[in-house]
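Here is what each chain is made of, one letter per residue.
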Amino acid sequence: PESRGRLELLPDRSLRISPNYLATEKDQQLALRSLDLAREVSQHPLLREIGAEEVDPPEKTDIAYARRVAETIYHPAGTCKMGPSDDPSAVVDAQLKVHGLEGLRVVD
């Protein structure tokens, strides 16, 4: 996916995770094509033969519908570059300690 979410540390020290799914046109088109493909597969004669049927088909397959029914297999996590503190693009060191913050490590 192209869409990128945010992870915020709030003043009360809780986390706010905003996944921002389907934020880009490419991700939206992929979601719509995936729904269309799933509906095509569901029409296969062998599936029909065993009684498979679509439950509550949409009147229109659009991005609003995709947002309502979509789920993700991704968990809210990401990657960050490991490297020395003098590397401006490195976020953590070899012990997964976050550069510039005391007592915080990144694990997944």
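In every chain, residue numbers begin from 1 and rise along the written sequence. Totals for whole chains, interfaces and linings use all residues, but because this is a predicted model, local features are given only for residues with pLDDT of at least 70 and pairs of side-chain atoms are given and counted only at 80 or more. Only hydrogens and water are set aside when side-chain values are computed; all heavy atoms of the structure are taken into account.

Caption draft 1: Local environment of the pairing of strand β1 (residues 6-9). Pairing of β1 with strand β2 (residues 15-18), which is carried by 4 bridges, proceeds in the antiparallel orientation. Across the sheet, the residue bridging to Leu-7 is Ile-17, located in β2. Between β1 and β2, which follow one another and run antiparallel, lie 5 residues, and Arg-13 among them has a positive phi close to 75 degrees. Paired strands are those between which DSSP finds at least two bridges. Helix and strand definitions follow DSSP, with helices as H or I runs of at least four residues and strands as E runs of at least two, each counted in order from the N terminus.

Caption draft 2: Seen up close, the confidence of the model for the protein chain. What pLDDT reports is the predictor's confidence in each residue, on a scale of 0 through 100. Averaged over all residues, the pLDDT of the protein chain equals 89, while 94% of them reach at least 70. Averaged pLDDT values over the elements of the protein chain bottom out at 87 in β2 and peak at 94 in helix α1 (residues 25-42).

Caption draft 3: Spatial organisation of the pattern of salt bridges. Salt bridges are defined as contacts in which a side-chain nitrogen from Lys or Arg sits within 4 Å of a carboxyl oxygen from Asp or Glu. In this structure the tally under the stated criterion is 6 salt bridges. The residue Lys-26 makes a salt bridge to Glu-2 at a minimum N-O spacing of 3.9 Å. Of this pair, Lys-26 sits in helix α1 while Glu-2 sits in the segment before β1, and the two are 24 residues apart along the sequence. A relative accessible area of 39% places Glu-2 in the partly exposed class. Using a 1.4 Å probe on the protein chains alone, a residue whose accessible area is under 20% of its type maximum counts as buried, one over 50% counts as exposed, and one in between counts as partly exposed.

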